[in-house]
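# Analysis of the macromolecular model
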2 protein chains.
Amino acid sequence: MAFDVLQDKILKMRNPTVFGLDPKPEYVPPFILEHHISEIGPTPEAAAAAYYEFNCGLVDALCDIAPAVKPQSAYYEVLGSAGVRCLEKTALYASDKELYTIADVKRGDIGTTAEAYSTAYLGYIELDGVKTAPFGFDAVTVNAYLGTDGLKPFYETCRKFDKAFFALVKTSNPSSRELQDRRFQDGRTLYETVGDLIKGLGGELDSYGYLRVGAVVGATYPEELSALRKRLKEVFFLVPGYGAQGGSAKDAACAFDERGTGAVINSSRAIMCAWKKTGNDGADYMEAARAEAVRMRDELREAVGL
Amino acid sequence: MAFDVLQDKILKMRNPTVFGLDPKPEYVPPFILEHHISEIGPTPEAAAAAYYEFNCGLVDALCDIAPAVKPQSAYYEVLGSAGVRCLEKTALYASDKELYTIADVKRGDIGTTAEAYSTAYLGYIELDGVKTAPFGFDAVTVNAYLGTDGLKPFYETCRKFDKAFFALVKTSNPSSRELQDRRFQDGRTLYETVGDLIKGLGGELDSYGYLRVGAVVGATYPEELSALRKRLKEVFFLVPGYGAQGGSAKDAACAFDERGTGAVINSSRAIMCAWKKTGNDGADYMEAARAEAVRMRDELREAVGL
């Protein structure tokens, strides 16, 4: 249950990496994009077909060394329904290759709306007794601004379908300090308050001692990350901000408990765009992505002591 | 620019209503849902086709008396890409009928991701020089938890395409108090701080004196709504919580300035499900929706003095 499926994979591969699938036209090797545009024309459908081919290639290249994948929904939604269809297919393909799949959607709403969001990404719908899983991800990211009303439906869906979710606690961007670092009159910052709120949702612990609700905490603020690791002992962390955004492996290592468990570190651009540094116009995008993923894995292994 | 297009429509119709299109299988008249299921089978595609027919019927029934429409994305996403295709088509249909369209997506992310979200809902993409508008909404709802990094890209997209966005300030749900009402050490609540943050984005004022960035403020907290109306003079309000959630017309009226401008009030379930109260199994869903919309309009006219 909860995060132990992911943790098992991380320990087996000795690699706490989740790789992002955040495609943009300029991230896709030109030969892939041009092929689909020449077949279908310069349409969202062509871009979506190119993204899918690229995503499948990356999944194939990495699925035996990386435990998890995290598509960022925005890059699919910007292609409209054609992009969302690509997201559906990508989730299915990655699941078939036994990757743990995280939908980075950062949804946040109340009541039946939050129920619909959580069902969309983690559950299934039923029409006339026939069940369909719209996306079938293993976990999802959530924004907690609306409070418990917005989190409970995600929690319930996760319990029902044996899934998990990550709430945004302390994000990796510079202006995360504007609201998140601000201190309330009780002495806690907003992000500490959100952390306490999600921890308070409670529930059973998995075999590694983690709850079904996790937290997004950026590697770009290693002090806050270390403090949160101590404060939220039972909360599994999804850590963005490593690499391109400036977080080092040493920074990211602050997300782990003393056993080397409890977190997964994201890398998107460095892996997806590794082909840009080899001078082969993307012909070797799979090898390039794998080489960067191995480099990151080895760096994290050493920093975390895995 | 900004909200004056919406405000013009509101004054012309003397109706500050935005009607929600938040479909669920049980909200759609059975004859519509059964027709599509019998044609296609019990699939997300059938539900999406039924939602589209229902949405078009509601748009037809209301477009001459209500200025704006707000689909809630969650109810489309739960049908996967078939649902998102229905959302695209619904936005287009409503725009063709000259409704002001608001995408209730509550997205919130940083940098290029926020840029992708804002482009998806408000802008257009370009492939080989060919432009496509994925959804083409007039405005979008946004979550500000990530700070300015998350808002600026929405602001820039809005400026570029002459659109507008609403940031969540004080939401209508009971647990909005857990985080939003909490007071920081400088004496401001979180929701006041978010309000000040979005106001601080600045920019030119439209012909009614409003900025390009608006705020979501619930009718269920009329005192806070009144205080925010005074605090954020240049900020246009999108007000949920009227009707089913407990906010009265008098409560909602607190959202307006002394001229009777500056806000739009949402109603979803009461209008969509009006047919359930007439005993005709949905055969009269258009008339029933219109009757409820007229009732709401007249109530708001009186309360606001429009």
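The notes below deal with the structure included here. (Residues numbered from 1 in each chain as written. Chains lettered and ligands numbered in written order. Predicted model: local features only at pLDDT ≥ 70, side-chain atom pairs only at ≥ 80, totals over all residues. Heavy atoms only, no water.)

### Focus on helix 13 (residues 285-304) of chain B
All names here are of chain B. Stated precisely, the cut-off is as follows: In this text, helices come from DSSP runs of H or I with a minimum length of four residues, and strands from runs of E with a minimum of two, each type numbered from the N-terminal end. Any helix carries an expected span of 1.5 Å times its number of residues minus one. To sort residues, take the accessible area from a 1.4 Å probe on protein chains only and compare it with the maximum for the residue type: under 20% means buried, over 50% means exposed, and anything in between is partly exposed.
Across its 20 residues, helix 13 extends 28 Å between first and last C-alpha, which sits within 8% of the 28 Å expected from 1.5 Å per residue. Every buried residue of helix 13 is accounted for by Tyr285, Ala288, Ala289, Glu292, Ala293, Met296, Arg297, Leu300, Arg301 and Val304. Once helix 13 ends, the next one or two residues include Gly305, with phi positive near 80°.

### A closer look at the packing of aromatic side chains
Convention followed: Only the six-membered ring of Trp is used, alongside the rings of Phe and Tyr, when aromatic pairs are assigned; centres must lie within 6.5 Å, and planes under 30 degrees apart are stacked while those over 60 apart are edge-to-face, with the rest tilted.
As enumerated under the stated definition, the model contains 25 aromatic pairs over all chains in all. Where Phe3 of chain A meets Phe236 of chain A, the ring centres are 4.8 Å apart and the plane angle is 15°; that geometry is what we call stacked. Placement of Phe3 of chain A in the segment before helix 1 (4-13) and of Phe236 of chain A in the loop between helix 10 (222-231) and strand 9 (237-239) is noted, with a sequence separation of 233 residues between them. Under the relative-accessibility criterion, Phe3 of chain A is labelled buried at 0%. In this structure Phe236 of chain A comes out as buried when scored by relative accessible area, which is 0%. Look at Phe54 of chain B and Tyr285 of chain B: their rings are 5.3 Å apart centre to centre, the planes differ by 50°, and that puts the pair in the tilted class.

### Some remarks on the packing of helix 6 (residues 111-122) of chain A against helix 7 (residues 148-161) of chain A
Residue and element names in this part refer to chain A. Put simply, the rule reads: The angle between two axes is taken between their N-to-C directions and runs from 0 to 180 degrees, where each axis is a line fitted to C-alpha atoms and a helix contributes only its stretch in contact. Helix crossings get a hand from a simple test, with the near helix turned counterclockwise from the far one by less than a right angle marking a left-handed crossing and a clockwise turn marking a right-handed one. It only takes one pair of heavy atoms within 4.5 Å for two residues to be counted as in contact. For this classification, the nonpolar set comprises Ala, Val, Leu, Ile, Met, Phe, Trp, Tyr, Cys and Pro, the charged set comprises Asp, Glu, Lys and Arg, and every other residue, Gly included, is treated as polar.
Viewed as axis vectors pointing N to C, helix 6 and helix 7 meet at an angle of 35°, and their least axial separation amounts to 8 Å. For helix 6 against helix 7, the interelement crossing comes out right-handed. Contacts between helix 6 and helix 7 pair Gly111, Ala114, Glu115, Tyr117, Ser118, Thr119 and Leu122 from the former with Asp149, Gly150, Pro153, Phe154, Thr157, Cys158 and Phe161 from the latter. Across the contact of helix 6 with helix 7, the residue classes tally to seven nonpolar, five polar and two charged.

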